[in-house]
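Residue-level structural notes
If you want the building blocks of each chain, they are given just below.
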Protein chains: 2
Amino acid sequence: MKLKVKILGFQAGGKHIVIIDDDIAEKLDIRSLDRVKIKYMDREIVAIVNVAKFLPGDIIGVYDEVAELLKVREGDVVEVIPAGAPESLLYIRKKLTRARLNAYEAKKIIEDIVNGYISDVELTALVTALHYQGMSLEEALNFTRAMVETGETLKLPSKIVLDKHSLGGVPGDKTSMIVVPIIASLGYIIPKTSSRAITSAAGTADRMEVLAPVSLEIEEMKKVILKTNGCLVWGGALGLAPADDIIIRVEYPLGIDPFFIPSILAKKLAVGSTHVVLDIPTGRGAKVATISEARELAQDFIQLASHLGIKLEAAVTYGEQPIGHAIGPALEAKEALMTLMGNGPSDLIDKATSIAGILLEMVGNRNGREIALHTLQSGKAEKKMREIIEAQGGDPNVKPEDIGIGDKHFTVYAETDGFVFWINNQALALIGKTAGSPKDKGAGVYVYTKLGTKVKKGDPLFTVYAESSVKLHAVEKILEELNPIAIGSGIQAKMLLEKIDTRPEKIITLER
Amino acid sequence: MKLKVKILGFQAGGKHIVIIDDDIAEKLDIRSLDRVKIKYMDREIVAIVNVAKFLPGDIIGVYDEVAELLKVREGDVVEVIPAGAPESLLYIRKKLTRARLNAYEAKKIIEDIVNGYISDVELTALVTALHYQGMSLEEALNFTRAMVETGETLKLPSKIVLDKHSLGGVPGDKTSMIVVPIIASLGYIIPKTSSRAITSAAGTADRMEVLAPVSLEIEEMKKVILKTNGCLVWGGALGLAPADDIIIRVEYPLGIDPFFIPSILAKKLAVGSTHVVLDIPTGRGAKVATISEARELAQDFIQLASHLGIKLEAAVTYGEQPIGHAIGPALEAKEALMTLMGNGPSDLIDKATSIAGILLEMVGNRNGREIALHTLQSGKAEKKMREIIEAQGGDPNVKPEDIGIGDKHFTVYAETDGFVFWINNQALALIGKTAGSPKDKGAGVYVYTKLGTKVKKGDPLFTVYAESSVKLHAVEKILEELNPIAIGSGIQAKMLLEKIDTRPEKIITLER
């Protein structure tokens, strides 16, 4: 059937989607989510059909993806014929019968997801089925490899490639900005990719962006690493395991994530990492609430990683309060820089050197934490960080005081004497976001106290910074209902709670 | 945030969907499938967000549903603010933890589905979860009731309301057109709703439409029943259990149907049916392949129906070949009319009187099948059918020869002597559809033979009718690869294989 193109003028999230009227659909004997082949000149593609009512009968509405591939413009006439379902849809249907998917089937599914051939309905069914049934080790391996193979990969001339990943959820966690230069300054390769904030006030990519560009392409990233051994770049522009972004879009509203571990390990495998330390912030207010949950998760990661040829150890870290004092891109970049220059908060130093230490011991060093601490204190890590900043296109001579912080601010003070006994991570993240973070780089929160800190009435608890007084005022309003720092009696915490490096044996640590 | 309306100009399948640019989404801190509240004048609605790239930044694209509710036109400026997730999304997420849903939760979910508040991703997750976990009886009851309560209902002044439903899948099954007038002529109420063809060459609504209008609204349907005791109308225009249409849209591409039994029973409950006979065509080439499958399915129907206050019995019928000879709306309407006038094929008469007989026995009659047969043979059923045709707006004096059949046709002949040992239902349906059925009412297939019929070389096997020679030619082409009627050695079949009216007891019938 010949139909006239109507350009809708926006994207469909990578999917190949066209819209046709219900009368046309009946004539073609197709329904919503069936496929059609669309031909224009010597080009043809397969697209997913959405059937709509009240579209003019001779029109086919096309999203940008389809328009670009066919090179059609408004009013062009295309030939539309019904097409069969993509092969991978058979495997998704197979999964709905509780079957396990083999390597070929997983590959085909991931390929078709990346190519935009799979509708949201079909993808959601796959994700929900995997959530319900649980992914087998074999499936997880197959999906992980397929995610790597359908994206960009980084090939580095090194047999040993170190890496670090945090499950996140703790405000102010600028640990990567200390770990990467420590590791790189010791001659090891560490191709660190990071995310931007999703639910938090700042991701590592947002923090690092204060000091240097982070939206590098894969070849640019490679150059930085070949020059400096390390990098701190945004993962989003690299095209590593691109299926992940598409899958997350349907996982997010459902609050399920069967692809969680494969997605993370795919990104590590794609940059060639051989030794990975996984930071699992744990505790009340963190993503993982108890050490026993953290252990289970760690075992799943270790098992899958080992089958992928990655040696992975997990660091279960204390996640009940912010790391350091600063929350928000600029405030955190400043604190990280000051820490590298020898003037950092003790919990950040403890966490960063513990994690760097685990990595160093994984590749054969003894006393990893001490080596890391010495590297930090000697100024070697700072020097390396400045090299990385320069290689990524930033100013290597940046001073902490150069970093612009929002000029609108107010401070909240203790209303009573006592100890800080509860810091609400989510509330601090919300305050930072309401102040404008991460979009307004200078917005954020500076927290003066830690859990267990003794405070007197009138002591400052935290200062909120913003670039706009409207946003600062919005923070004042939400603070009428939020109490991010509670005063009472205190406890003191060590940062590293436990290191997990093998499959289960006799674990005698007491449960928190 | 204020955004300018761009009218997309088509529907979103009943859902409230808007499209905004990714930069706007970031500013509003929302992602695809999050909800926004949209205000215009004194009106406001909640809509599901789709985030697109390359949409102009100050624009919000709205589908027809949203435009109609807000009464906005191209260029109008609306206020857009982030809104929380609908309550029912919490229950869908709860279902993903394997929890069972209670009556309130099921109701809320179905309400939000009908109101267009639930995205396809969320609906698919629910459907997939229910498919994986299986619906509990309690959930099935709750969903069924919720589906009824969120749609139109028919209230008739009768304590006993009979009904019939077929699971379909057998070509040429015009049984309802015989059963309804038999039952109605005996003074019982039978508010029969039917579907149009989906994968077949004709649905009962398509067949009946040859004799009378079938797209009645619920009040018109009521008038017909009050006048004649029965009706044969299309279910699609009545608004009964409208959640079903929305749910089927995501079930279809996945090939799963957890709402199968609730959907069917909701439509029966909505018209007030108290006694229902369920026809389960069974056998090779039918939807249900074996009697044991048919029994299991029947038990599920009986159990759920009984909790809903519906007495249901199932008729497992022979489904390995077409019913009667005619396939296609006009051919079938003609055959049904001739059957009512005393000149019908024996298998159709056997099936229709068996099913009518079960219904009659369910409401206290003895020898139901004999009563039904007598009613048919006496001409009472024909008279009743003509009353129904008239009440629905058709010509009560219609004669079989008035019914127009496609004037383009060709006949296929036996190439050898023997018995008909295999009739391919799917192939016959495909031939009918290719010939133009159900859209071209006069298109279809007339099959001269039955399974077991002895044929001689050169005997006619079937004639294909079409309204257009292009379509008839298309049938000739597919017949090069299809052999719908195979000649060899034959068997003879009784139509009613088994009647199932109670929960399992000692069943000693041999498995086919």
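Everything numeric here is computed off the predicted structure, so don't read it as measured data.

**A short note on the overall build of chain A**
Looking only at helices and strands, chain A features 18 helices and 19 strands. Since a compact globule built from 512 residues should have a radius of gyration of about 24 Å, the 25 Å found for chain A is in line with a globular shape. Considered along the principal axes of its C-alpha atoms, chain A spans approximately 75 × 55 × 45 Å. In chain A, the share of contacts with a sequence separation of at least 24, taken over all contacts with a separation of at least 6, comes to 80%. Accessible surface, chain A as shown: approximately 20,500 Å² in total, 52% of it carbon and sulfur. In chain A, 62 positive and 67 negative side-chain charges are present, and the distance between their average locations comes to 3 Å.

**Some details on the sheet that holds strand β18 (residues 485-488) of chain A**
All names here are of chain A. Across the sheet, which stays open at both edges, the three strands sit in the order β16-β14-β18 with antiparallel pairing between neighbours. Each edge of the open sheet is held by one strand with a lone partner, namely β16 (454-455) and β18. Where strand β14 (residues 418-423) meets β18, four bridges bridge the pair, whose relative direction is antiparallel. Of the residues in β18, the one forming a bridge with Val420 is Ile487.

**Observations concerning the environment of Ile358 of chain B**
With respect to the helices and strands, the residue Ile358 of chain B is situated in helix α14 (residues 346-362). For the pair Ile358 of chain B and Glu313 of chain B, spaced 45 residues apart in sequence, the C-alpha separation works out to 7.8 Å.

**Describing helix α3 (residues 87-95) of chain A**
Working note: α-helix, 3.6 residues per turn, so residues spaced by three or four point in the same direction. Considered for burial, the residues of α3 of chain A that qualify are Ser88, Leu89, Tyr91, Ile92 and Lys95 of chain A. Summarising the axial view, the buried residues of α3 of chain A lie within an arc of 155°, below the 170-degree limit, and thus occupy one face. Considering only its buried residues, α3 of chain A is in contact with β3 (35-40), α4 (103-114), α5 (120-133) and α6 (137-149) of chain A together with α5 (120-133) and α10 (243-254) of chain B.

**Re the domain arrangement of chain A**
Residue and element names in this part refer to chain A. By the assigned domains, chain A splits into domain 1 (2-83), domain 2 (87-134), domain 3 (162-235 + 271-400) and domain 4 (404-488). Using only C-alpha atoms to locate each centre, domain 3 and domain 4 end up separated by 25 Å. Taken together, the contact pairs 31 residues of domain 3 with 24 residues of domain 4. Overall, the association of domain 3 and domain 4 removes approximately 2,100 Å² of surface from exposure, summing both partners, and the carbon and sulfur fraction of that is 59%. Contact with domain 4 buries area across many residues of domain 3, yet Gln321, His325 and Leu331 alone supply 29% of it, more than any other trio. Between Asp347 and Lys450 there is a salt bridge, and its shortest N-O distance comes to 2.6 Å. Across the domain 3-domain 4 interface, the total number found is 12 residue pairs in polar contact (both at pLDDT 80 or more).

**Section: the packing of aromatic side chains**
The full count for this structure, using the stated rule, is 11 aromatic pairs over all chains. Their ring planes at 75° and their centres at 5.1 Å tell us that Phe143 of chain B and Phe259 of chain B sit as a pair that is edge-to-face. With Phe143 of chain B in helix α6 (residues 137-149) and Phe259 of chain B in the loop between α10 and α11 (260-270), this residue pair connects regions lying 116 residues apart in the sequence. The class of Phe259 of chain B is buried, set by a relative accessible area of 0%. Residue placement shows Arg31 of chain B over the ring face of Tyr252 of chain A; its charged tip is 3.6 Å from the ring centre. The side chain of Arg196 of chain B reaches across the aromatic face of Trp234 of chain B, ending 4.6 Å from its centre.

**Section: the sheet that holds strand β4 (residues 43-52) of chain B**
In space, the six strands of this closed barrel follow the order β1-β5-β2-β4-β3-β6 (chain B), with mixed pairing throughout. Recorded for the sheet is a direction-independent mean angle of 45° between the axes of neighbouring strands.

**Quick notes on the relation of the copies chain A and chain B**
Taken as rigid bodies, chain A and chain B are interconverted by a rotation of 180° and an axial shift of 0.0 Å, the fit giving an RMSD of 0.1 Å. Taken together, the rotation and translation describe the operation of a two-fold axis.

**Here's the deal with the interface of chain A and chain B**
Size of an interface: often given as the accessible area lost when the parts come together. If you look at the interface, chain A gives 45 residues, while chain B gives 45 residues. Looking only at chain A, the three residues that lose the most surface to chain B are Phe10, Tyr132 and Tyr252 of chain A, adding up to 19% of its buried area. Remark: the boundary between chain A and chain B carries four salt bridges. Across the salt bridge formed by Lys439 of chain B and Glu26 of chain A, the nearest N and O atoms sit 3.6 Å from each other. The interface formed by chain A and chain B contains 19 residue pairs in polar contact (both at pLDDT 80 or more). Elements that contribute at least two residues to the side of chain A that touches chain B include exactly β4 (43-52), α3, α5 and α10 (243-254) of chain A.

**Overview of the packing of α5 of chain A against α10 of chain A**
All names here are of chain A. Running from N to C, α5 and α10 cross one another at 70°; their axes reach a closest spacing of 10 Å. The angle between α5 and α10 places the two elements in the roughly perpendicular class. For the pair α5 and α10, the crossing hand works out as right-handed. Taken together, the residues of α10 that come into contact with α5 (itself represented by Asp120, Leu123, Thr124, Val127 and Thr128) are Ile246, Ile247, Arg249, Val250, Glu251 and Leu254. Here the contact of α5 with α10 is composed, by residue class, of six nonpolar, two polar and three charged.

**Some points on the pattern of salt bridges**
This structure, assessed with the given rule, holds 66 salt bridges over all chains. One salt bridge connects Asp173 of chain A with Lys351 of chain A, and the closest N-O pair in it is separated by 2.8 Å. In this pair, Asp173 of chain A sits in the loop between β7 (162-166) and α7 (176-185) while Lys351 of chain A sits in helix α14 (residues 346-362), placing the two residues 178 residues apart along the sequence. One exposure class covers both Asp173 of chain A and Lys351 of chain A, and it is buried. As a salt-bridge pair, Glu79 of chain B and Lys2 of chain B come within 2.9 Å of each other at their nearest N and O atoms. In this pair, Glu79 of chain B is assigned in strand β6 (residues 77-83) and Lys2 of chain B in strand β1 (residues 2-7), connecting sequence segments 77 residues apart.

**Considerations on the packing of helix α9 (residues 218-228) of chain A against helix α16 (residues 380-392) of chain A**
Residue and element names in this part refer to chain A. Where α9 contacts α16, the two axes come as close as 9 Å, and the packing angle between them is 150°. With respect to α16, the axis of α9 lies roughly antiparallel. Handedness of the crossing formed by α9 with α16: right-handed. The segment α9 lies against α16, with Val224, Lys227 and Thr228 engaging Lys384, Glu387, Ile388, Ala391 and Gln392.

**Overview of unusual backbone geometry**
Residues and elements named next belong to chain A. In this model, Ser437 is joined to Pro438 through a cis peptide bond whose omega is 5°. By the element assignment, Pro438 lies in the loop between α17 (425-434) and β15 (444-447). One non-glycine residue, Asn367, lies in the positive phi region at around 50°. On the secondary structure map, Asn367 appears in the loop between α14 and α15 (368-377).

**Let's talk about a negative patch on the surface**
Among the surface-exposed residues, Glu152, Glu217, Glu219 and Glu220 of chain A lie close enough to one another that they form a single negatively charged patch. On the secondary structure map, Glu220 of chain A appears in helix α9.

**Observations regarding helix α13 (residues 329-340) of chain B**
Residues and elements named next belong to chain B. Compared with an ideal rise of 1.5 Å per residue, which puts 12 residues at 16 Å, α13 spans 16 Å between its outermost C-alpha atoms and is within 8% of the ideal. Counting buried positions over the 12 residues of α13 gives 10, a clear majority of the element. All buried positions along α13 are accounted for by Pro329, Ala330, Leu331, Glu332, Ala333, Glu335, Ala336, Leu337, Thr339 and Leu340. Note on α13: the residue one or two positions beyond its end, Gly342, has a positive phi of about 100°.

**Describing the environment of His165 of chain B**
All names here are of chain B. Along the chain, the position of His165 falls in strand β7 (residues 162-166). For His165, a relative accessible area of 19% puts it in the buried group. Sequence separation of His165 and Val277 is 112 residues, and the distance between their C-alpha atoms is 6.4 Å. Excluding anything up to four places from it in sequence, His165 contacts Ile264, Lys268, Val277, Leu278 and Asp279.

Analysis parameters
Residues numbered from 1 in each chain as written. Chains lettered and ligands numbered in written order. Predicted model: local features only at pLDDT ≥ 70, side-chain atom pairs only at ≥ 80, totals over all residues. Heavy atoms only, no water. Helix = DSSP H or I, 4+ residues; strand = E, 2+ residues; numbered from the N terminus. Rg over C-alpha atoms; globule rule 2.2 N^0.38 Å. Contact = heavy atoms within 4.5 Å. Areas by Shrake-Rupley, 256 points an atom, 1.4 Å probe, with all protein chains shown as cover. Lys, Arg positive; Asp, Glu negative; His and termini not counted. Charge placed at Lys NZ, Arg CZ, Asp CG, Glu CD. Pairing = 2+ DSSP bridges. Buried < 20%, exposed > 50% of the residue type's maximum accessible area, 1.4 Å probe, protein only. Arc of directions from axis to C-beta. Domains from an automatic or database assignment. Buried area = accessible area lost by both parts, 1.4 Å probe. Salt bridge = Lys/Arg side-chain N within 4 Å of Asp/Glu carboxyl O. Polar contact = N/O pair within 3.5 Å; in protein donor to acceptor, adjacent residues only side chain to side chain. Phe/Tyr/Trp six-rings, centres within 6.5 Å; stacked < 30°, edge-to-face > 60°. Lys NZ or Arg CZ within 6 Å of the ring centre and 35° of its normal. Axes fitted to C-alpha atoms, helices over the stretch in contact; angles between N-to-C directions. Least-squares fit on C-alpha atoms with pLDDT ≥ 70 in both. Parallel < 35°, antiparallel > 145°, perpendicular 65-115°, else oblique. Left-handed = near helix turned anticlockwise from the far one by under 90°. Nonpolar A, V, L, I, M, F, W, Y, C, P; charged D, E, K, R; others polar. Patch = residues over 30% accessible without salt bridge, like charges linked within 9 Å, V, L, I, M, F, W, Y side chains within 5 Å. Expected span 1.5 Å × (residues − 1).

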